[in-house]
Protein chains: 2
Amino acid sequence: MENKKKITITDVADKAGVSKSTVSQYLNKRYQYMSSETKNKIAKVIEELNFRPNDNARNLKVKKTKVVGIVLANLLHHLSTEIVRVVEERLQSHEIKVFICNSDDSPEKESDYIDLLISKQVDGIIIFPVGNDPKVYNYVISYGIPLVFIDRIVDGVTTDCILLDNKAACRLAVSQLQNKGHENIAFLTLPTDIPVSTRRERIEGFKEAMSFYQLEVQENNVFSVPREEIQGVLEQRFLQENKPTAIVAGNDLVLREVLSFINKVSLSMPNDLALVSIDEVTYSNLYNPSITTVNQPVKEMGEKTADILLDRINGKTDDPFRVYRFAPELIIRGSC
Amino acid sequence: MENKKKITITDVADKAGVSKSTVSQYLNKRYQYMSSETKNKIAKVIEELNFRPNDNARNLKVKKTKVVGIVLANLLHHLSTEIVRVVEERLQSHEIKVFICNSDDSPEKESDYIDLLISKQVDGIIIFPVGNDPKVYNYVISYGIPLVFIDRIVDGVTTDCILLDNKAACRLAVSQLQNKGHENIAFLTLPTDIPVSTRRERIEGFKEAMSFYQLEVQENNVFSVPREEIQGVLEQRFLQENKPTAIVAGNDLVLREVLSFINKVSLSMPNDLALVSIDEVTYSNLYNPSITTVNQPVKEMGEKTADILLDRINGKTDDPFRVYRFAPELIIRGSC
DNA sequence: TTGTAGGCGTTATCAG
DNA sequence: CTGATAACGCCTACAA
């Protein structure tokens, strides 16, 4: 189990009785310039020695690494990982591998991983951004590495962005509820003090949708509070007059809290309270009653991300950067 | 937005009016050999030029990369990602970064990613294995890269393994059910034709636990079928005599199917049917009724994984490789 | 305290 | 078809 000296292309060349160059030719599949005899010989030696070329050395000469880095805000966020899967599949089919990094909602970690990916010379970077310092991201761009944002926009950074049409999502949610006769609708989301474009868009979208359907937005029905306070504010709200008859949960974390609240006070859906959640969750079909959700088109978004990135990497496009908005889809289930 | 020539240590040296070596010293924080004047000058130039050292070149000389690769079987599997988070946190505190790769339950992809990680010269590799060809894994070891398996064992590979004590998990599940007076207990798991040690261990564990509690294992109560067949076999089974009064779900995927079945035929838990699931799921507390689960000690397992790997990487141990079994924990909730 | 020279493992160029 | 040889960007003696 000694940590033996790593074997190199030179070892292979020596043992095969050819030169390094020839082995290199072999590694790069330039078989044309090679007798099938030497070819086989090299193959055998590589097998025997269990040789693997050192990519670091290779990338010193060759500019492309065929690796793309994805920096995830949160590994546990199901939507992100689903998009990643789609992106990865698409990139794989172009022979590109993916390294996933987890920023764990920390701008510092995110920045560290971006630096690492740059120093590894990856061909492209995809970020679910958590930070709000444009400098970090702009450096990637100025370094010449194609960059795509998913899920959020960062002020001051001009690059391709893949986003849900959040306002349309709210409109779908509200439309479904007002269809069912609800007028007193509450909206809950996490705090918007940090510049997370998504949350702000959803609040605005909710308000716009309400007025679109000529419903009144009661100010004590719109909440933007930290996760751990959600149950508290709901309990309070439901002690007041004029209880909401329906709730729109601004994302999956909010949904969890809302469901806990509903369980705790034994409300029954959809009669006591109707519910629509933005973003799919794993248990929407399983839950009793099943949960109506507004879903992101994961497949389309992932594929678009991969395609844009590929085009930029291969220099196939000089189109100006733009924001791609994807239409949400309403999945009507039992909760409303 | 031209893809400008990447700037190198030479550019920095030139612009700062010092030599490459001095810049290198700076990069490696050897400030002792440097006037604070030159130090500041270099810092400024690096900032201005937005220089980032090329890790590939660096790693050619320096053996440690300070990067560990994790190959995940399935990004969407919550348990895995939770363990990854713990591992990562631990490794971060030792200045080690983590690249996550998704094998997507494909042995080929897994093998490709292992090769990639090797050629990137990572310091260590952690795998949630999906393949069963020892060669792939043994190559990592023979290459001198420390390797840790999580969740499964692979026949023919001798290395450190982090596993749940699966038999104990089944014993906990059965004990809880027999406590509640159940005797006719069914067990469901996915197929065991591929050599996935975990599934086999859980089936055996179930049988042993039953006999330990002097309960009879009815052969038509033990299922090992593909996911898409689970609901079908349950429907059939519940048409027969002697219906089970309780079910143990062998993992989270099985649980989903069982819950769908229960919903479809409108059984009520825990009265019509009691349920215990092995492995935690995100919705266990939210569900109605909440779901009793046998949990893996994610934190301990993740930390142990990181610690073992760190010790191996730093050559701090020559202990023989071993299998670490972790005690599961029963979380009693409403489903039984 | 700074500079020079050589090497890390691979690829590319160009003779042979 | 094969083999020298010079990069690639950085690090590390050792010399100045």
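Bear in mind the structure is a predicted one, so any value in this text is a computation, not a measurement. (Residues numbered from 1 in each chain as written. Chains lettered and ligands numbered in written order. Predicted model: local features only at pLDDT ≥ 70, side-chain atom pairs only at ≥ 80, totals over all residues. Heavy atoms only, no water.)

**Q** Before we move on, could you go through helix H10 (residues 230–237) of chain B and cite the residues and values that matter?
**A** All names here are of chain B. Buried residues of H10: Ile-230, Gln-231, Val-233, Leu-234 and Arg-237, and no others. Buried residues along H10 cover an arc of 165 degrees about the axis, so they all sit on one side. The secondary structure elements touched by the buried residues of H10 are strand S6 (185–189), strand S7 (222–224), strand S8 (246–249) and helix H11 (252–264). (Buried < 20%, exposed > 50% of the residue type's maximum accessible area, 1.4 Å probe, protein only. Helix = DSSP H or I, 4+ residues; strand = E, 2+ residues; numbered from the N terminus. Arc of directions from axis to C-beta. Contact = heavy atoms within 4.5 Å.)

**Q** Got a sec to walk through empty space enclosed by the protein? Specific residues and values, please.
**A** For the structure shown, the criterion picks out two cavities of 30 Å³ or more. Estimated volume of the second largest cavity: approximately 40 Å³. Forming the walls of the second largest cavity are Arg85(A), Glu88(A), Glu89(A), Asn102(B), Asp104(B) and Lys109(B). Take the lining of the second largest cavity: its biggest share by element is three residues, from helix H5 (residues 78–92) of chain A. Class assignment for the residues of the lining of the second largest cavity results in no nonpolar, one polar and five charged. (1 Å grid on protein atoms, 1.4 Å probe; cavity = no way out; pocket = protein on both sides within 12 Å on 5 of 7 lines; lining within 4 Å. Points joined across faces, edges and corners; volume = space filled by probe spheres on them. Nonpolar A, V, L, I, M, F, W, Y, C, P; charged D, E, K, R; others polar.)

**Q** Give a description of the interface of chain B and chain A that names residues and reports values.
**A** Each partner contributes to the interface: chain B provides 58 residues, whereas chain A provides 58 residues. The contact between chain B and chain A buries some 5800 Å² in all, and 54% of this surface belongs to carbon and sulfur atoms. Per-residue buried area on chain B facing chain A is highest for Leu76(B), Phe99(B) and Leu286(B); these three make up 12% of the total on that side. Taken together, chain B and chain A are joined by eight salt bridges. For Asp112(A), the salt bridge identified is with Lys97(B), shortest N-O distance 3.3 Å. (Buried area = accessible area lost by both parts, 1.4 Å probe. Salt bridge = Lys/Arg side-chain N within 4 Å of Asp/Glu carboxyl O.)

**Q** Tell me what's going on with the environment of His78(B), and back it up with residues and numbers.
**A** With respect to the helices, strands and loops of the structure, His78(B) is situated in helix H5 (residues 78–92). Judged by relative accessible area, His78(B) falls into the partly exposed class, the value being 23%. Taking the C-alpha atoms as reference, His78(B) lies 17 Å from Tyr287(B); in sequence the two are 209 residues apart. Every residue in contact with His78(B), bar those within four places of it in the chain, is listed here: Leu76(A) and Thr282(B).

**Q** Please provide a residue-by-residue account of helix H6 (residues 107–119) of chain B, values included.
**A** In this model H6(B) runs 18 Å from its N-terminal to its C-terminal C-alpha over 13 residues, within 8% of the 18 Å that 1.5 Å per residue would give. One or two residues past the end of H6(B) sits Gln121(B), with phi positive at roughly 60 degrees. (Expected span 1.5 Å × (residues − 1).)

**Q** An account of the pattern of salt bridges is requested, with residue identities and associated values reported.
**A** Residues and elements named next belong to chain A. Applying the stated criterion to the full structure yields 34 salt bridges over all chains. One salt bridge in this structure joins Glu-204 and Lys-167, with 3.3 Å as the shortest N-O distance. One end of the pair, Glu-204, is in helix H9 (residues 197–212); the other, Lys-167, is in helix H8 (residues 166–179), with 37 residues separating them in the sequence. Look at Lys-167 and you get partly exposed, because its relative accessible area is 26%. Linked through salt bridges whose partners overlap, the residues forming this network are Arg-90, Lys-299, Glu-303 and Asp-307.

**Q** Mind laying out the domain arrangement of chain A, listing which residues take part and the relevant values?
**A** Domain assignment breaks chain A into domain 1 (9–58), domain 2 (67–163 + 298–327) and domain 3 (166–295). The distance between the C-alpha centroids of domain 1 of chain A and domain 3 of chain A comes to 62 Å. (Domains from an automatic or database assignment.)

**Q** Quick rundown of the protein's contact with DNA strand C? Include the residues and the values.
**A** In the neighbourhood of DNA strand C, 27 residues make up the surrounding shell, with Ile9(A), Lys20(A), Ser19(B), Ser21(B) and Thr38(B) lying closest. For DNA strand C, the fraction of atoms within 4 Å of the protein that belong to sugar or phosphate moieties is 62%. Arg30(A) is positioned such that a nitrogen or oxygen atom in its side chain is 3.0 Å from a phosphate oxygen of DNA strand C. Between DNA strand C and the protein, one listed contact pairs a phosphate oxygen with a backbone N or O atom of Asn54(A) at 3.0 Å. Those elements that provide at least two residues to the surface near DNA strand C are helix H2 (20–27) and helix H4 (55–61) of chain A together with helix H2 (20–27) and helix H4 (55–61) of chain B. (Near = heavy atom within 4 Å. Polar contact = N/O pair within 3.5 Å; in protein donor to acceptor, adjacent residues only side chain to side chain.)

**Q** Account for the sheet that holds strand S9 (residues 274–278) of chain A, with residues named and values stated.
**A** Within a sheet, each strand pairs with its neighbour through backbone hydrogen bonds, oriented either parallel or antiparallel. All names here are of chain A. Taken together, the six strands give an open sheet; going across it, the order is S7-S6-S8-S9-S10-S12, and neighbouring strands pair in mixed fashion. Edge positions in the sheet fall to strand S7 (222–224) and strand S12 (329–331), since each has one partner strand and no second. Averaged over all adjacent pairs, the angle separating strand axes in this sheet is 15 degrees, with direction ignored. Running over the sheet, H8 touches strand S6 (185–189), strand S8 (246–249), S9, strand S10 (292–295) and S12 and is turned about 165 degrees from S9. Lying over the sheet, helix H11 (residues 252–264) contacts S6, S8 and S9, oriented at roughly 160 degrees with respect to S9. (Pairing = 2+ DSSP bridges. Axes fitted to C-alpha atoms, helices over the stretch in contact; angles between N-to-C directions.)

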